[in-house]
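# Structural characterization, general
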Amino acid sequence: QVQLVESGGGLVQAGGSLRLSCATSRLTFSGYAMGWFRQPPGKEREFVAAISWSASAIDYADSVLGRFIISRDNAKNTVYLQMNSLKPEDTAVYYCAASRFSGLTGRTESDFTSWGQGTQVTVSS
């Protein structure tokens, strides 16, 4: 069974930073684009960011552009989400996801085939 494990979530004050990590197996990670989604309380899950296998293509939701940075370490089969200047509206469960393509194909959940269990990020005002 494919396993993606997120870590790094927690409670932070507005304006602070957190770095999320998502580790998975080489079988899941190697050659595939990766993404981050989030689900705020009482809302639908939404796209946050995605990165192609080679990291040559990166996409961000408008709401996080300029504040969040997605990156990957292919040697460690890990994708990261550096979150800066956090706002209370960033409060959500954050999920990492693996695509079945090497490039970026879209921002919808159907573009990704494997999902982690999620990590809670809470930003206090």
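Residues numbered from 1 in each chain as written. Predicted model: local features only at pLDDT ≥ 70, side-chain atom pairs only at ≥ 80, totals over all residues. Heavy atoms only, no water.

## Considerations on the overall build of the protein
Across its full length, the protein carries one helix and eleven strands. Counting from the amino terminus, helix and strand elements in the protein follow one another as β-β-β-α-β-β-β-β-β-β-β-β. The C-alpha radius of gyration of the protein comes to 13 Å, within 12% of the 14 Å expected for a compact globule of 125 residues. Structurally, the protein occupies a C-alpha span of about 40 × 25 × 25 Å along its principal axes. With 125 residues in all, the protein has 43% of them scored as buried. Intrachain contacts of the protein at a sequence separation of at least 6 include 59% that bridge at least 24 residues. Each charge class in the protein was averaged separately, 11 positive and 10 negative side chains, and the resulting centres sit 6 Å apart. (Helix = DSSP H or I, 4+ residues; strand = E, 2+ residues; numbered from the N terminus. Rg over C-alpha atoms; globule rule 2.2 N^0.38 Å. Buried < 20%, exposed > 50% of the residue type's maximum accessible area, 1.4 Å probe, protein only. Contact = heavy atoms within 4.5 Å. Lys, Arg positive; Asp, Glu negative; His and termini not counted. Charge placed at Lys NZ, Arg CZ, Asp CG, Glu CD.)

## Brief notes about the pairing of strand β3 (residues 18-24)
With five of its seven residues buried, β3 lies for the most part within the structure. As paired strands, strand β1 (residues 4-7) and β3 are joined by four bridges and run antiparallel to one another. Bridging across to β3, Glu 6 finds its partner in Cys 22. Here β3 pairs with strand β8 (residues 78-83) via six bridges, running antiparallel. (Pairing = 2+ DSSP bridges.)

## Digging into the sheet that holds strand β7 (residues 68-73)
Sheet architecture is open: four strands sit in the order β1-β3-β8-β7, paired in antiparallel fashion. Here the strands that pair on one side only, and so sit at the sheet edges, are β1 and β7. Strand-to-strand twist of the sheet, defined as the mean angle between neighbouring strand axes without regard to direction, takes the value 15°. (Axes fitted to C-alpha atoms, helices over the stretch in contact; angles between N-to-C directions.)

## Concerning the environment of Leu 18
Within the secondary structure, Leu 18 sits in strand β3. A residue is classified by how much of its surface remains accessible, and Leu 18, at 15% relative accessible area, is buried. Considering only alpha carbons, one finds Leu 18 and Gly 8, ten residues apart in sequence, at a separation of 7.0 Å. Excluding residues that lie within four positions of it along the chain, Leu 18 makes contacts with Gly 8, Gly 9, Gly 10, Val 12, Leu 81, Gln 82, Met 83, Leu 86 and Val 121.

## With respect to the packing of aromatic side chains
According to the stated counting rule, one finds five aromatic pairs in the structure shown. With 5.7 Å between their ring centres and 80° between their planes, Phe 37 and Phe 47 make a pair best called edge-to-face. Here Phe 37, found in strand β4 (residues 34-39), pairs with Phe 47, found in strand β5 (residues 46-51); they are ten residues apart in sequence, far enough to count as distant. On the basis of relative accessibility, which here comes to 1%, the residue Phe 37 falls in the buried class. When the ring of Phe 37 is compared with that of Phe 112, the centres are 5.3 Å apart and the planes differ by 80°; the resulting orientation is edge-to-face. Taken as a pair, Phe 37 in strand β4 and Phe 112 in strand β10 (residues 112-115) lie far apart in primary sequence, 75 residues in all. It is Arg 45 that lies over the ring of Tyr 95; its NZ or CZ is 4.6 Å from the centre. Between the NZ or CZ atom of Arg 72 and the centre of the ring of Phe 29, over which it lies, the distance is 4.2 Å. (Phe/Tyr/Trp six-rings, centres within 6.5 Å; stacked < 30°, edge-to-face > 60°. Lys NZ or Arg CZ within 6 Å of the ring centre and 35° of its normal.)

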